[in-house]
Amino acid sequence: MTETFTPLQLIEKISKKPSRAILLASATGLSIASLIAAYYLYSSQPSPFPGPSGDLFYQWLKAAQSGNNYAYIDNILRTYGGTKETCSVRLFGRDVVISTNLDLLKIVFGAKEMDTFHRTSRFRDTLSDLGDDMLFLTEGAKWRRHRALLSKAFTPRHIRYANQVAIQKCKSVFGQWRNVEVVRFDRLISQVVLDLTCIVLFSLDLRTAEGADDAIAEHLSAIGPALASRVVTPKMLWWLMIPQFSVARMKEHTKVLFGMMQQILDKKKALRGSGEDRDTDDMLDIILDLQSRSNSALSTQEIVDEVIGFILAGSDTTARTLSMTLFELVNVPEIEQKLYAEIIQHLGEDGTPTMEKIAQMPYLDCCVKEILRLHTIGWINSRELQQDFVYDGKVLKKGVSMLVLFESIHRNPKYYKDPNVLRPERWEDSDTWLQPGTYHPFGHGPHACIGEKLAITELKTILVMLLQRYRPLRFMSKQEPRPAYVFLKGIDPEIGLEIEFKKR
């Protein structure tokens, strides 16, 4: 598995080669000079909201490298946010507004101001090599056209198909396990969900969870750590990254991946043309069916981009959620035992978790909601002003970034009693206490995750199939597993989530 390096580790590796050390020193000097110039240029300008003085670039980057930048950012907000729950900081000479204010949240992510608040340039730069036509990178009219067409692909029929595929994949994977199995769960579940995602998308089982080597999985596994390293590395230093994370290598991986997706699409079209591929319910078939009936059809390049986008976004977030779920079930075995009792009540020891059966499990639903609250994978979301905007009597200038901490909303004692405690039972009567706008595990507004229902179905199906067969006993990692926050929240990959399972 490819490692992820922080900038400090990159510096250590690069400096071992004299030629690169010279380049690194030059780039670092330019970075520092730019930062100093930006500081003096903007330090006299008032920030739109209260916040710490000076440019926090170094402290922010250091917190990101530690894997706990959520605590750092949340502490800034608690210190300076006040009753408005909003503050501002300066990063590399630019104003960044941090908030958990529900009114501001509705504005930033709402439908009315969609053309005022776009995804940040930092976000687009990080994913720039993956294509311009993915749903989570498009804006304006293009985004509306993509969203309108793709939303029709997430039909009940397609979600039921995902449930059936997940059942078969789990039988194949968990059926290989012995009576006692020690598993690096975070890695395995990433393979399971990747395989599942590719079947649901275009009816291709990579079988990586069963130990097969696959070229698609190989290139995807290289792209993920590179993106993570970009998040915690200044853009001006990307070109100095060690070879496997370099800009050139990233482009190489994406080029090969795009070629593979193009071949899959061409083959799918050929089969459809011959009438041999009409019985599948995969998403690519649904999209192509919609193409033939729509006046706003996607181009071949747009379809390829969207398929890769769905693979990256769909498989990673679901796998991270499942890892956080098992992390909590090992830590709190009482919850695992209660959940297992409900599974046996409805399925017995060998029943199949169909959509209808899953819908009859209220405690399962409570557990999933509580995990998504306490461990919000998309813990932070951002937008960037495309024009000046007035809020609360203050003028926010074009280019200002807006950061909303969804996990801080989910852990706010104003909205949740004992917010840092895992308590699935709180959701049993949530209709009596849950305030509108205080629960956002899949984002908020028109840009909220298009695959929410699909992800929940896959997550529940896999969890039931696993717990029905095996009991998670204890962590086997040398260090205690822990969450890490970078671009998304998940188990710290440096430690991993190694778990001992015992057959029921």
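Let me begin by describing the structure that accompanies this report. (Residues numbered from 1 in each chain as written. Predicted model: local features only at pLDDT ≥ 70, side-chain atom pairs only at ≥ 80, totals over all residues. Heavy atoms only, no water.)

1. Some details on the nonpolar core
Phase 1: Counting 105 residues, the largest nonpolar core has Trp177, Phe202, Met261, Ile311 and Phe501 as the members making the most contacts within it.
Phase 2: Take this core: its biggest share by element is 14 residues, from helix H13 (residues 300-331).
Phase 3: The residues contacting tryptophan 177, other than those within four sequence positions of it, are Val183, Leu188, Leu466, Tyr470 and Phe501.
Phase 4: Of all hydrophobic cores here, the second largest spans 21 residues; its members include Leu102, Leu385, Phe389 and Ile409. (Core = buried A, V, L, I, M, F, W, Y, C linked by side-chain atoms within 4.5 Å. Buried < 20%, exposed > 50% of the residue type's maximum accessible area, 1.4 Å probe, protein only. Helix = DSSP H or I, 4+ residues; strand = E, 2+ residues; numbered from the N terminus. Contact = heavy atoms within 4.5 Å.)

2. Comments concerning the sheet that holds strand S5 (residues 380-385)
Phase 1: Spatially, S1-S2-S8-S5-S3 is the arrangement adopted by the 5 strands of the open sheet, whose pairing is mixed. At either margin of the open sheet sits one strand with a lone partner, and together these are strand S1 (86-91) and strand S3 (117-118).
Phase 2: As defined by bridge partners, S1 adjoins strand S2 (residues 94-99) across 6 bridges and the pair is classed as antiparallel. Within S2, the position partnered with threonine 86 by the bridge is serine 99.
Phase 3: Packing against the sheet, helix H3 (residues 57-66) makes contact with S1, S2 and strand S8 (401-405), and its axis sits at approximately 100° to S1. (Pairing = 2+ DSSP bridges. Axes fitted to C-alpha atoms, helices over the stretch in contact; angles between N-to-C directions.)

3. Overview of the sheet that holds strand S9 (residues 470-475)
Phase 1: With antiparallel pairing, the 3 strands of this open sheet are ordered in space as S4-S12-S9. Bordering the open sheet on either side are strand S4 (180-184) and S9, each of which pairs with just one other strand. For this sheet, the mean angle separating the axes of adjacent strands, direction not counted, is 30°.
Phase 2: Sheet topology note: the S4/strand S12 (residues 498-503) ladder contains 5 bridges and is antiparallel. In the sheet register, valine 182 faces S12, and the bridge partner there is glutamate 500.
Phase 3: Along the sheet, helix H18 (residues 452-469) makes contact with S9 and S12, crossing S9 at roughly 85°.

4. Comments concerning unusual backbone geometry
Phase 1: You will see that glutamate 85, though not glycine, has its phi angle at about 50°, which is positive.
Phase 2: Here glutamate 85 shows up in the loop between helix H4 (69-80) and S1.
Phase 3: At aspartate 392, a position not held by glycine, the phi torsion is positive, near 55°.
Phase 4: For aspartate 392, a relative accessible area of 36% corresponds to the partly exposed category.

5. Notes on the packing of helix H14 (residues 333-347) against helix H16 (residues 362-374)
Phase 1: Axis separation between H14 and H16 bottoms out at 8 Å; the angle between their running directions is 145°. Here H14 runs over H16; the crossing is left-handed. Between H14 and H16, the residues in contact are Ile335, Lys338, Leu339 and Glu342 and Pro362, Tyr363, Leu364 and Cys367, respectively. (Left-handed = near helix turned anticlockwise from the far one by under 90°.)

6. Describing the packing of helix H7 (residues 140-150) against H13
Phase 1: Where H7 contacts H13, the axes come no closer than 13 Å and their chain directions differ by 70°. Here H7 lies roughly perpendicular to H13, going by the angle between them. Two secondary-structure elements touch here, H7 through Lys142, Arg145, His146 and Leu150 and H13 through Glu302, Glu306 and Phe310.
Phase 2: Among the residues forming the contact of H7 with H13, the class breakdown is 2 nonpolar, 1 polar and 4 charged. (Parallel < 35°, antiparallel > 145°, perpendicular 65-115°, else oblique. Nonpolar A, V, L, I, M, F, W, Y, C, P; charged D, E, K, R; others polar.)

7. What about the packing of aromatic side chains?
Phase 1: A full pass over the atoms with the stated rule returns 18 aromatic pairs.
Phase 2: Ring centres 5.0 Å apart and planes at 65° place the aromatic pair tryptophan 177 and tyrosine 470 in the edge-to-face group. One end of the pair, tryptophan 177, is in the loop between helix H8 (156-174) and S4; the other, tyrosine 470, is in strand S9, with 293 residues separating them in the sequence. Per residue, the accessibility class of tryptophan 177 equals that of tyrosine 470, and both read buried.
Phase 3: Put simply, the rings of Phe174, Trp177, Phe185, Tyr470 and Phe501 pair up and form one aromatic cluster.
Phase 4: The ring of tyrosine 416 is capped by arginine 373, whose NZ or CZ atom sits 5.1 Å from the centre of that ring.
Phase 5: Arginine 504 extends its terminal NZ or CZ atom over the ring of tyrosine 340, reaching a point 3.7 Å from the ring centre. (Phe/Tyr/Trp six-rings, centres within 6.5 Å; stacked < 30°, edge-to-face > 60°. Lys NZ or Arg CZ within 6 Å of the ring centre and 35° of its normal.)

8. So, the pattern of salt bridges
Phase 1: Scanning the entire structure with this criterion turns up 33 salt bridges.
Phase 2: The salt bridge partner of aspartate 392 is lysine 394, with a shortest N-O separation of 3.7 Å.
Phase 3: If you follow the salt bridges from partner to partner, you end up with Lys169, Asp195, Asp205, Arg207 and Glu210 in one network. (Salt bridge = Lys/Arg side-chain N within 4 Å of Asp/Glu carboxyl O.)

9. Let's talk about the side chain of histidine 440
Phase 1: Within the fold, histidine 440 resides in the loop between helix H17 (406-410) and H18.
Phase 2: Its relative accessible area of 3% is what places histidine 440 among the buried residues.
Phase 3: A distance of 2.6 Å separates a polar side-chain atom of histidine 440 from the backbone oxygen of glycine 437.
Phase 4: Looking at histidine 440, its side chain comes within polar contact range of the side chain of histidine 444, at 3.4 Å.
Phase 5: For histidine 440, the residues in contact, after removing those within four places along its chain, are Leu105, Thr376, Phe406 and His410. (Polar contact = N/O pair within 3.5 Å; in protein donor to acceptor, adjacent residues only side chain to side chain.)

10. Description of helix H11 (residues 247-274)
Phase 1: Helix length check: H11, at 28 residues, gives a terminal C-alpha distance of 41 Å against a target of 40 Å (1.5 Å per residue), a fit within 8%.
Phase 2: Listed as buried for H11 are Met250, His253, Thr254, Leu257, Phe258, Met260, Met261, Ile264, Leu265, Lys268 and Arg272. (Expected span 1.5 Å × (residues − 1).)

11. Describing the side chain of serine 323
Phase 1: Its location among the elements puts serine 323 in helix H13.
Phase 2: The buried category is assigned to serine 323, whose relative accessible area is 3%.
Phase 3: Leaving out residues up to four positions away in the same chain, serine 323 has contacts with Phe185, Asp186, Ile189, Ile491 and Leu497.

12. With respect to the environment of leucine 396
Phase 1: Along the chain, leucine 396 falls in strand S7 (residues 394-396).
Phase 2: On the basis of relative accessibility, which here comes to 1%, the residue leucine 396 falls in the buried class.
Phase 3: For the pair leucine 396 and valine 96, spaced 300 residues apart in sequence, the C-alpha separation works out to 10.0 Å.
Phase 4: Apart from residues lying up to four places away in sequence, leucine 396 is in contact with Pro48, Phe49, Val97, Leu385, Gln387, Asp388, Phe389, Tyr391 and Met402.

13. With respect to the environment of leucine 403
Phase 1: Position of leucine 403 relative to the elements: it lies in strand S8.
Phase 2: When its relative accessible area of 11% is taken as the criterion, leucine 403 is described as buried.
Phase 3: Through-space distance from the C-alpha of leucine 403 to that of serine 99 is 6.3 Å; in sequence the pair is 304 residues apart.
Phase 4: Not counting chain neighbours up to four residues away, the residues in contact with leucine 403 comprise Trp60, Val96, Val97, Ile98, Ser99, Ile380, Asn381 and Ser382.

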